[in-house]
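One-letter residues, chain by chain:
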Amino acid sequence: MTRITTPFGAESTTADVIDGIDLTGRRVIVTGGASGIGVETARALAGAGAEVTIAARNPEAGDRVAADIIASTGNKQIFVAQLDLADLASVAAFVAGWDGPLHILVNNAGMMASPEMRTSAGWELQFATNHVGHFALATGLHDALALAGGARVVAVSSLAHLRSPVVFEDIHFRDRAYEPWSAYGQSKTANVLFAVEATKRWAGDGITVNALHPGGIQTNLQRYVPAEEIARLRANYRGTISWKTTEQGAATSVLLATSPLVEGISGRYFEDCNEALPNVPGENTGVAAYALDPEAAARLWQVSAEELAQLRARMSAAAFTWKTPEQGAATSVLLATSPLVEGIGGRYFEDCNEALPNVPGEATGVAAYALDPEAAARLWQISAAMI
């Protein structure tokens, strides 16, 4: 397989790679288009004439960016839609609201090296946001992509994929100690594996899917990473990382989304506007072999589809229907007044009954850590000291 190279490089900008390309009549979605390189990705595509939908967790921020892009490009076909990738209901609503063909999907949104957090389903939040949410979005929009004819999907991965393969035995850190960078790394490996398997499954629909490392860009993606840690990481990389502007950071995304130089190319990983070389162990560039492993890609697709199916089934079975205010207040009133709970203390109730222990991955019951007496005593002591 011949490596794909282009005339562009690390210092190329979005304006360089999209020069002369006309996207009139093309419809585009950019997730995370309200911040960082997502803004410049959306701006470049809009500047070339595309209809761009900014998918943003915060629609108000999206509206501000959309107004700025309209002012800077003169393209009024800039729209904003709410999308929380960690919330399956939000993804489903976004997909349901899309109508017609989709020519370009840029899976740009993400979070980096956060403290341990979980979704309501118990999924580790970085994996849920960076991979599972985008997987649900892309597969949900498959028919729209196929309808477009020659659609392109761009998955923003990272050099950090070199930190970890997907650990299938414990993706969500239920049995192993949580480590922020390992969690981020495995989610970024998942982005590349998605491109590999989607290429296999969707080639017959004319859909190409590629992944990329955008480079080091100072944006709010690093909001969980202290400045001193960023400095230490750069020192460890022995000068192989230099900061890019947001226009340079978005260039590889825009190239993969639009350039005739990569027409028909799929299932590859790019950095600095060129296909990456294989990573040499110990080096901080290139693509890891495990990120392009077709067996791992197929397994990840299956695991992701099963996780989504199980969550949808649980949501359906739980029948998350709205309560009236009177129903919502019933458990509070029962605990405040009923002789049925006379003398009962230190328990957790739901739906007017004591809750069962939570089963990991389920969205009901009480977590063991919420009833931990040592944690309770420590919290009391800390709280008292704060008064």
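Refer to the structure presented above.
Residues numbered from 1 in each chain as written. Predicted model: local features only at pLDDT ≥ 70, side-chain atom pairs only at ≥ 80, totals over all residues. Heavy atoms only, no water.

K.L.:
Could you give me a rundown of the overall build of the protein, with the residues and numbers involved?
P.N.:
Counting its regular elements, the protein contains 14 helices and twelve strands. Oriented by its inertia axes, the alpha-carbon framework of the protein measures out at about 75 × 45 × 45 Å. Considering the protein as a whole, with its 387 residues, one finds that 48% of them fall into the buried category. A fraction of 75% describes how many contacts in the protein between residues 6 or more apart in sequence connect residues 24 or more apart. Carbon and sulfur atoms make up 55% of the accessible area of the protein, which totals about 18900 Å². When the 27 positive and 41 negative side-chain charges of the protein are each reduced to one mean point, those points stand 3 Å apart. (Helix = DSSP H or I, 4+ residues; strand = E, 2+ residues; numbered from the N terminus. Buried < 20%, exposed > 50% of the residue type's maximum accessible area, 1.4 Å probe, protein only. Contact = heavy atoms within 4.5 Å. Areas by Shrake-Rupley, 256 points an atom, 1.4 Å probe, with all protein chains shown as cover. Lys, Arg positive; Asp, Glu negative; His and termini not counted. Charge placed at Lys NZ, Arg CZ, Asp CG, Glu CD.)

K.L.:
Account for the sheet that holds strand S10 (residues 274–275), naming residues and giving values.
P.N.:
Ordered in space as S3-S2-S1-S4-S5-S6-S9-S10, the eight strands form an open sheet in which the pairing is mixed. Strand pairing shows two members of the sheet lacking a second neighbour, strand S3 (78–82) and S10, which therefore form its edges. Along the sheet, helix H5 (residues 125–140) contacts strand S1 (27–31) and strand S4 (104–107); its crossing angle with S4, the most-contacted strand, is approximately 170°. (Pairing = 2+ DSSP bridges. Axes fitted to C-alpha atoms, helices over the stretch in contact; angles between N-to-C directions.)

K.L.:
Could you give an account of the pattern of salt bridges, naming the residues involved and the relevant values?
P.N.:
Taken as a whole and assessed by the stated rule, the structure comprises ten salt bridges. Note that Asp-170 and Arg-176 form a salt bridge whose closest N and O atoms lie 3.9 Å from each other. Accessibility expressed as a relative area gives 25% for Arg-176, which makes it partly exposed. Here the residues in one salt-bridge network are Glu-40, Arg-43 and Asp-68, joined through shared partners. (Salt bridge = Lys/Arg side-chain N within 4 Å of Asp/Glu carboxyl O.)

K.L.:
Can you break down the side chain of Thr-331 residue by residue, with the values?
P.N.:
Examined against the element boundaries, Thr-331 turns out to sit in helix H13 (residues 330–337). Thr-331 gets classed as buried once you look at its relative accessible area, which sits at 12%. A polar side-chain atom of Thr-331 sits 3.0 Å from the main-chain amide nitrogen of Cys-352. If we skip the residues at most four places from it in the chain, Thr-331 touches Phe-349, Glu-350, Asp-351 and Cys-352. (Polar contact = N/O pair within 3.5 Å; in protein donor to acceptor, adjacent residues only side chain to side chain.)

K.L.:
Explain the pairing of S3 to me, using residue names and the numbers behind them.
P.N.:
Pairing of strand S2 (residues 51–56) with S3, which is carried by five bridges, proceeds in the parallel orientation. Paired with Ala-56 across the two strands is Gln-82, which belongs to S3. Handedness of the S2-helix H3 (residues 59–73)-S3 crossover: right-handed. (Right-handed = clockwise from strand over helix to strand, strands pointing away.)

K.L.:
So what's going on with helix H10 (residues 251–258)? Which residues, and what values?
P.N.:
In terms of residue burial, H10 counts as a mostly covered element, since eight of its eight residues are buried. Looking at H10, one finds that the buried residues are Ala-251, Thr-252, Ser-253, Val-254, Leu-255, Leu-256, Ala-257 and Thr-258.

K.L.:
How would you summarise helix H7 (residues 180–202) if you had to cite specific residues and measurements?
P.N.:
Taking 1.5 Å of rise per residue, 23 residues should cover 33 Å, and H7 covers 32 Å from first to last C-alpha, within 8% of that figure. Counting buried positions along H7 yields 19 of 23 residues, so the element is predominantly enclosed. Capping the start of H7 is the job of one residue whose side-chain oxygen sits 3.1 Å from the backbone nitrogen of Trp-181: Glu-179. (Expected span 1.5 Å × (residues − 1).)

K.L.:
Account for the nonpolar core, naming residues and giving values.
P.N.:
Most often, soluble globular proteins keep nonpolar side chains buried together rather than apart. Of all hydrophobic cores here, the largest spans 51 residues; its most connected members are Ile-29, Leu-102, Leu-105, Leu-145, Phe-194, Trp-202 and Val-209. Contributing elements (two or more residues each) for this core: helix H4 (88–97), H5, helix H6 (142–148), strand S5 (152–156), H7, strand S6 (208–213) and helix H11 (294–318). Counting 40 residues, the second-largest nonpolar core is a separate cluster that includes Val-17, Val-39, Leu-45 and Val-262. (Core = buried A, V, L, I, M, F, W, Y, C linked by side-chain atoms within 4.5 Å.)

K.L.:
I'd like a description of the pairing of S1, backed by residues and values.
P.N.:
Within S1, five of the five residues are buried, leaving the element largely enclosed by the surrounding structure. Of the two faces of S1, the one carrying Arg-27, Ile-29 and Thr-31 and the one carrying Val-28 and Val-30 are both buried. With five bridges connecting them, S1 and S2 associate as parallel partners. Looking at the pairing, Ile-29 lines up with Thr-53 of S2. As a crossover connection, the stretch from S1 through helix H2 (residues 36–47) into S2 is right-handed.

K.L.:
So what's going on with the packing of aromatic side chains? Which residues, and what values?
P.N.:
A complete count under the given rule lists seven aromatic pairs for this structure. Ring centres 5.7 Å apart and planes at 85° place the aromatic pair Trp-202 and Trp-301 in the edge-to-face group. Separated by 99 residues along the polypeptide, Trp-202 in helix H7 and Trp-301 in helix H11 bring together distant segments of the chain. For the pair shown, Trp-202 and Trp-301 are each scored as buried. The ring of Phe-173 is capped by Arg-176, whose NZ or CZ atom sits 3.7 Å from the centre of that ring. (Phe/Tyr/Trp six-rings, centres within 6.5 Å; stacked < 30°, edge-to-face > 60°. Lys NZ or Arg CZ within 6 Å of the ring centre and 35° of its normal.)

K.L.:
An account of unusual backbone geometry is requested, with residue identities and associated values reported.
P.N.:
Unlike most non-glycine residues, Ala-113 shows phi in positive territory, near 50°. The phi dihedral of Phe-173 falls on the positive side, at around 55°, and the residue is not glycine. Following the sequence through the fold, Phe-173 ends up in the loop between S5 and H7. A relative accessible area of 4% places Phe-173 in the buried class.

K.L.:
Go over the packing of H5 against H7 with me, naming the residues and quoting the values.
P.N.:
The interhelical angle for the contact between H5 and H7, taken along N-to-C directions, is 15°, at an axis separation of 7 Å. As the angle between them shows, H5 and H7 are arranged roughly parallel. Taken as a pair, H5 and H7 cross one another with a handedness that is right-handed. Facing H5, whose interface residues are Gln-126, Phe-127, Asn-130, His-131, Phe-135, Ala-138 and Thr-139, H7 presents Pro-180, Ala-183, Tyr-184, Gln-186, Ser-187, Lys-188, Ala-190, Asn-191, Phe-194 and Trp-202. In terms of residue class, the contact of H5 with H7 is made up of nine nonpolar, seven polar and one charged. (Parallel < 35°, antiparallel > 145°, perpendicular 65-115°, else oblique. Left-handed = near helix turned anticlockwise from the far one by under 90°. Nonpolar A, V, L, I, M, F, W, Y, C, P; charged D, E, K, R; others polar.)

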